Amino acid sequence: MKDLPESQPVGSKFPAGSSAGSNISNLAFINQKFNHIKSSKGASVWSSLFAPTFSIFEPHSESSPPKEKKTFKTKTNGWTNAVKRVVTGVTMWRLQERILGFSRTGVSCSNSETWLLGVCYKISPEESPGDGNNDNGSVAFMEDFSSRIWITYRKGFSAIGDSMFTSDVNWGCMLRSSQMLVAQALLVHHLGRSWRKPMQKPFALEYVEILHLFGDSEESTFSIHNLLHAGKVYGLSGGSWVGPYAVCRSWETLARSTREKTKIDKENKTLPMAVYIVSGDEDGERGGAPVVCIDAAARLCLDFCEGQAVWSPMLLLVPLVLGLDKINPRYIPLLWSTFTFPQSLGILGGRPGASTYIIGVQDNKAFFLDPHEVQQAVDISLDNLEVDTSSYHCNIVRHIPLESIDPSIAIGFYCRDKGDFDDFCTRASELVEQSSGAPLFTVVQSLNVSKPVQPHEDVNDLDALNVEGKFSEAEDRSREDDWQLL
């Protein structure tokens, strides 16, 4: 596409006034030092500095004796200062990625299918990536990829609650990933799956309204501020990293509280869809696949519509744990297949301690939008349809091997109406048949909450289902670890 913005490294998108050039030169300096240190006695120092990403979310103490620390400071003062300068503009995850090569970029030409949130692209080796032809699979893929809303670390926003946090750098990646998934649901709902980011201004009001919802202040409904407040009962707090399950439940709570506030204005629902957290049997048995209960979904929609309609749009979130230290290989083909669903919203997942928003697959690769980029907080005002939205879109396609994904994930789906939901259930049931007895999740008409899930049993008391926050906060806390370990 001729009008597609020129691709450039994500790392180069520093806010105005930042020292992008100095950061790049510092990185080059660090690389030189690394090549020297890794072959010497200082390798252990480097390893401790770039510990596994997850360690940055947990308190730890320096175990080296004072004398050894003093030697380290004397010998390496120059390049450690460079590291400090780089980290002010580049997160630890990005620094690890650049130096240790954790992920790669680009889309390969392949005779196999490439899927992006329910849309298939053919990127054949015969194509010329720069010819601008609309029928060119790589151009169409890039146009689609860059149209997804990209939400990253921000700095310089108003303090979160009573805390001193004015940035979510190095701890907010799961929250940002979840914001991207919900933003995609809103894009599809309001503008359709075929929507592409506008090249000319003024922008459509619906587009600006969606971005405004995810601004970085309490005035924005789905801001990180409000998400943390809604998720307190699930352990969400500034400076702490959380898993997919807690984030899914926090969105359920935030959607419910938002819905209560907007009951007066029924036509102006900020999240115009029911939220269904798909869980397993209510006795808390481990080892069972989550169950999509059709009757429970119907009840949710009826409640959401307050009796004015029998069905409503629906956001389904399916938190899963697909292994212990790494994902069980038997689930990889099933995860791959979920991206072929027209209802696909992608996956909250990534490497351990470093969440990303996975939105596509090709062969054994998972394409993702990465929240680990520090950007200045921006004000998306509803009365400015010519606002700069470039920081909400990304032209760099990053990918990691599917087998490298952390086993703790959450899959998202959006169903516009009853027909769309029925189609989703049909596809999910077919996926169960392909699972060789180990499905990601199952679909039943009804279930009895007092016994292990049985597809043939009727629901006698759907109010007991924990799908719309019917339990007390104490009961919710007891279910926080009710993951489905498959």
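Going by the structure above, here's the rest.
So, here is what we can say about the structure in this document. Note that the structure is predicted; figures quoted are calculated from it, not measured.

**Some details on the packing of helix H6 (residues 173-191) against helix H7 (residues 205-213)**
Inference 1: At a minimum axis distance of 10 Å, the contact between H6 and H7 shows a crossing angle of 160°. Between H6 and H7, the angle is such that the two are roughly antiparallel. As for the relative orientation of H6 and H7, their crossing is right-handed in sense. Facing Ala183, Leu186, Leu187, His190 and Leu191 of H6, the residues of H7 in contact are Glu206, Tyr207, Ile210 and Leu213.
Inference 2: Class assignment for the residues of the contact of H6 with H7 results in 7 nonpolar, 1 polar and 1 charged.

**A closer look at the side chain of Thr338**
Inference 1: Mapped onto the elements of the fold, Thr338 is located in helix H11 (residues 332-338).
Inference 2: On the basis of relative accessibility, which here comes to 2%, the residue Thr338 falls in the buried class.
Inference 3: Side-chain polar atoms of Thr338 contact the backbone oxygen of Leu335, separated by 2.6 Å.

**Focus on the packing of H6 against helix H9 (residues 244-261)**
Inference 1: Axis separation between H6 and H9 bottoms out at 10 Å; the angle between their running directions is 50°. In terms of orientation, H6 lies oblique with respect to H9. For the crossing formed where H6 meets H9, the hand is right-handed. From H6, Met174, Leu175, Ser178, Gln179 and Val182 reach across to H9, where they touch Pro244, Val247 and Trp251.

**Regarding the packing of aromatic side chains**
Inference 1: Taken as a whole and judged by the stated rule, the model has 15 aromatic pairs.
Inference 2: Ring centres of Trp311 and Phe421 lie 5.1 Å apart, and the angle between their planes is 45°; this geometry places the pair in the tilted category. Remark: Phe421 occurs in helix H12 (residues 418-433) and Trp311 occurs in the loop between helix H10 (294-304) and strand S7 (314-321); sequence separation between them is 110 residues. There is no split in this pair, since Trp311 and Phe421 are both buried.
Inference 3: The residue whose ring lies beneath Arg154 is Tyr392, and the NZ or CZ to ring-centre distance is 4.7 Å.

**Overview of the pairing of strand S5 (residues 274-277)**
Inference 1: Covered by surrounding structure in S5 are Ala274 and Tyr276 together with Val275 and Ile277, the residues of both alternating faces.
Inference 2: Taken together, the 4 bridges between S5 and S7 define a ladder with parallel strand orientation. Note that in S7 the partner of Tyr276 across the bridge is Leu316.

**Points about the nonpolar core**
Inference 1: In terms of nonpolar packing, the biggest core is built from 67 residues, with Phe141, Leu175, Phe214 and Leu315 touching the most fellow members.
Inference 2: The biggest single contributor to this core is H6, with 10 residues.
Inference 3: Once you skip the residues sitting within four places of it in the chain, Leu175 turns out to touch Ile224, Leu227, Leu228, Leu236, Val242 and Val247.

**Focus on the environment of Phe157**
Inference 1: Note on placement: Phe157 falls in the loop between strand S4 (154-155) and H6.
Inference 2: C-alpha separation for the pair Phe157 and Ser217, spaced 60 residues apart in sequence, amounts to 6.9 Å.
Inference 3: Apart from the residues lying within four places of it in its own chain, the contact partners of Phe157 are Phe165, Thr166, Ser167, Asp168, Arg176, Asp216, Ile224, His225 and Ala377.

**Some points on the pattern of salt bridges**
Inference 1: According to the stated counting rule, one finds 9 salt bridges in the structure shown.
Inference 2: Between Asp144 and Arg193 there is a salt bridge, with the nearest N and O atoms lying 2.8 Å from each other. Of this pair, Asp144 sits in helix H5 (residues 137-145) while Arg193 sits in the loop between H6 and H7, placing them 49 residues apart in sequence. Each of the two residues, Asp144 as well as Arg193, counts as buried.
Inference 3: Lys418 serves as the salt-bridge partner of Asp422, at 2.8 Å between the closest nitrogen and oxygen. Note that Asp422 and Lys418 are positioned in helix H12 at a spacing of 4 residues, about one turn of the helix.

**With respect to unusual backbone geometry**
Inference 1: In this model, Lys201 is joined to Pro202 through a cis peptide bond whose omega is 5°.
Inference 2: On the secondary structure map, Pro202 appears in the loop between H6 and H7.
Inference 3: Even without glycine at this site, Asn170 takes up a positive phi of about 75°.
Inference 4: You will see that Ser436, though not glycine, has its phi angle at about 55°, which is positive.
Inference 5: By relative accessible area, which is 74% here, Ser436 ends up exposed.

The rules behind each value
Residues numbered from 1 in each chain as written. Predicted model: local features only at pLDDT ≥ 70, side-chain atom pairs only at ≥ 80, totals over all residues. Heavy atoms only, no water. Axes fitted to C-alpha atoms, helices over the stretch in contact; angles between N-to-C directions. Helix = DSSP H or I, 4+ residues; strand = E, 2+ residues; numbered from the N terminus. Parallel < 35°, antiparallel > 145°, perpendicular 65-115°, else oblique. Left-handed = near helix turned anticlockwise from the far one by under 90°. Contact = heavy atoms within 4.5 Å. Nonpolar A, V, L, I, M, F, W, Y, C, P; charged D, E, K, R; others polar. Buried < 20%, exposed > 50% of the residue type's maximum accessible area, 1.4 Å probe, protein only. Polar contact = N/O pair within 3.5 Å; in protein donor to acceptor, adjacent residues only side chain to side chain. Phe/Tyr/Trp six-rings, centres within 6.5 Å; stacked < 30°, edge-to-face > 60°. Lys NZ or Arg CZ within 6 Å of the ring centre and 35° of its normal. Pairing = 2+ DSSP bridges. Core = buried A, V, L, I, M, F, W, Y, C linked by side-chain atoms within 4.5 Å. Salt bridge = Lys/Arg side-chain N within 4 Å of Asp/Glu carboxyl O.

Take it as geometry only, folks, not as evidence of what the structure does.
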